[in-house]
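# Tertiary structure, described
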Amino acid sequence: MITMSVPRFWRKQVARYNLIGTHCTNCKTYYYPPRNMCPKCRRDGKLENFKFSGKGEILTYTVIHTAAEGFEKQTPYVLGIVKLEEGPSLTSQIVADPEDMKIGMKVRPVFRKLGESSEKGMIYYGTKFVPE
Amino acid sequence: MRDVAIIGVKTTRFGENWDVSLRDTITEAGVGALEDARVTGEEIDAIIVGNMSGGQFIEQEHIGALIADYAGLAKELHVPATRVEAACASGGLALRQGIHAVASGLEDIVVAAGVEKMTDISSTSASTALAAAADREWEGIMGATFPGLYAMIARLHMHKYGTTSEQLAQVAVKNHANGVHNPIAQYRNKISVEDVLRSIMVADPLHIFDCSPITDGASAVILAPADIAHKYTDTPIYVKATSQASDTIALHDRKDITTLAASVEAGKRAFKMAKLTPNDIDLVEVHDCFTIAEICAIEDLGFVKKGEGGKFTEEGNTAIGGKIPVNTSGGLKACGHPVGATGIKQAVEIVEQLRGDAGKRQVDGAEIGMTHNVGGSGATAVVHIFSRDR
């Protein structure tokens, strides 16, 4: 199963729920997922939390027919790389009809269930995207 | 720094080898390479082994010690054994670390090996294990699979450059045609473009025949200082370059999704070290974990311009007899992909080709060959160049 332990998920839960990443005030670059060190400025970087608008566009996508373990019930599902308007890109599921998917299409974030560790186990929530 | 030569090689049969364990298969490869090099156990200074995930595949870590033990090199000789890991580039990394050890002068005879035993668990569990080569926290948890990540590379490559599903399929068709002539290959049957396009969709646009299989197998090479290589063999193959480069672990953080920048950089570093260019290479084994990966590889290594890999393949330039034969072994697609072993197997194929021992898949007059081994979706790339001439 592609799952994570409770503390591992909880550690970045706020970032997952609210699309909170980081912004380096030194080089003005935005990062999502959040980072503890600016990859451009390294030790000279000055990072602060930043809440992304969530507006973005589809850089590329696929329709997954053979699912990752634990995602079997969701097939076929659309997985995409979303380029956020502030700059960074992330991987997420796109809640859309595969037929409607296009590179470059505008998307916005939605709060969704990602999966569960078992039938009676923890439910993971996070951010997916839908067409604008 | 000393020049390094490969003096012995062996790859086991690749496939679903339910009758063989990890320790059995790696011992077979090691012994075969030692016999090929006519080296005794007492001469071995060190073992470096590439293994991606004994922990997940067979719940066994401490693979280095296990191998030394079962090869009879632990209890009396106490030969040091080190496991290295870079996902599917673990084998290439083991070779590189072995070359470092010999080149530095610290060790003389080093066994560089790779092994993976992947079929003791279900293919679903194996896919989960492989997904650990991507970013578990920000890719895997969203439902990303490895075919899914490469499918996203393929989709954008098609969008930007007009690459077609037929061109992707041509990679699999060509590699299966090569695999027919490789006695150790997992698949030794020809397939057609139609077969690929009719096969089930795994992650659109990649069909199951666009994907390399799950495989058991091991491979080993014996490294020695070039100055004493002729003591062991009449046909030492010399290491002209070893290089490695890193990129972001997650595909979404790359500068360009259709370029494996680690491959570009490792390629450049290797050509610089060997003082060669892509035009000098007679054949190359690239990391075709998916058909799109071979197209990206030949572009990123400089054999063809970015975006033209599909057309180049379709025109037959990468077949045996073409401008630059790619994956004469059958590649990961047809020969199989025991992840930790692949990087070593690639080197073994080049050595057999440069020795002139490749039988029906022999590239005429092969003098210089190259290997390209990738970890994950491109976070690690390892490149080597080998030559008949020192």
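Small disclaimer: the values here were computed from a predicted structure and weren't measured.

Criteria and thresholds
Residues numbered from 1 in each chain as written. Chains lettered and ligands numbered in written order. Predicted model: local features only at pLDDT ≥ 70, side-chain atom pairs only at ≥ 80, totals over all residues. Domains from an automatic or database assignment. Contact = placed C-beta atoms within 7 Å. Helix = DSSP H or I, 4+ residues; strand = E, 2+ residues; numbered from the N terminus. Nonpolar A, V, L, I, M, F, W, Y, C, P; charged D, E, K, R; others polar. Buried ≥ 20, exposed ≤ 12 C-beta atoms within 10 Å, placed from the backbone. Pairing = 2+ DSSP bridges. Axes fitted to C-alpha atoms, helices over the stretch in contact; angles between N-to-C directions. Parallel < 35°, antiparallel > 145°, perpendicular 65-115°, else oblique.

Right, let's talk about the domain arrangement of chain B for a bit. Residue and element names in this part refer to chain B. Here the domain parsing of chain B yields domain 1 (4-122 + 215-237) and domain 2 (129-211 + 240-387). Here the C-alpha centroids of domain 1 and domain 2 sit 23 Å apart. Taken residue by residue, the interface counts 40 residues in domain 1 and 36 residues in domain 2. When residues of the side of domain 1 that touches domain 2 are assigned to their parent elements, the largest contribution, eight residues, is made by helix H4 (residues 90-104). Of the residues belonging to the side of domain 1 that touches domain 2, the class tally is 21 nonpolar, 15 polar and four charged.

This part takes up the pairing of strand S6 (residues 89-94) of chain A. Residues and elements named next belong to chain A. Burial within S6 is extensive, with six of its six residues counted as buried. Here six bridges tie strand S5 (residues 77-84) to S6, and the two strands are oriented antiparallel to one another. Bridge assignment links Leu79 to a residue of S6, and that residue is Gln93.

So, on to the environment of Val102(B). Residues and elements named next belong to chain B. As for its placement among the helices and strands, Val102 is situated in helix H4. Distance in space between the C-alpha atoms of Val102 and Gly375 is 24 Å, their sequence separation being 273 residues. Excluding residues within four positions of it along the chain, Val102 makes contact with Arg2, Val4, Glu107, Asp108, Val110, Leu223, Ala224 and Pro225.

The next point concerns the interface of chain B and chain A. Counting residues at the interface gives 29 residues for chain B, matched by 29 residues for chain A. At the level of secondary structure, the elements contributing two or more residues to the side of chain B that touches chain A comprise helix H5 (123-131), helix H6 (146-161) and strand S5 (201-204) of chain B. Here the element with the most residues in the side of chain B that touches chain A is H6(B); it accounts for seven residues. Among the residues making up the side of chain B that touches chain A, the classes are represented as 15 nonpolar, nine polar and five charged. Bridging between strand S4 (residues 56-64) of chain A and S5(B) involves two bridges; their strand directions are antiparallel. When the bridges of S5(B) are listed, Ile64(A) appears paired with Ala203(B).

Moving on, we come to the packing of H4(B) against helix H13 (residues 339-355) of chain B. Residues and elements named next belong to chain B. Running from N to C, H4 and H13 cross one another at 55°; their axes reach a closest spacing of 5 Å. Between H4 and H13, the angle falls in the class oblique. Taken together, the residues of H13 that come into contact with H4 (itself represented by Ser90, Gly91, Gly92, Leu93, Ala94 and Leu95) are Val339, Gly340, Ala341, Thr342, Gly343, Ile344, Lys345 and Ala347. Looking at the contact of H4 with H13 residue by residue, the class counts come to seven nonpolar, six polar and one charged.

Below, the discussion takes up the sheet that holds strand S8 (residues 237-246) of chain B. Residues and elements named next belong to chain B. As summarised here, the arrangement of the nine strands in space is S3-S2-S4-S7-S1-S8-S11-S10-S9, forming an open sheet in which the pairing is mixed. Only two strands of the sheet have a single neighbouring strand rather than two, namely strand S3 (81-84) and strand S9 (283-285). Between one strand and the next, the sheet's axes are offset by a mean angle of 25°, whatever the strand orientation. The pairing of S8 with strand S11 (residues 380-387) spans eight bridges and is classified as antiparallel. By the bridge assignment for S11, Thr242 is matched with His384. Its contacts with the sheet put helix H1 (residues 22-37) on strand S1 (4-11), strand S4 (109-116) and strand S7 (217-225), and the angle it makes with S7 is roughly 35°.

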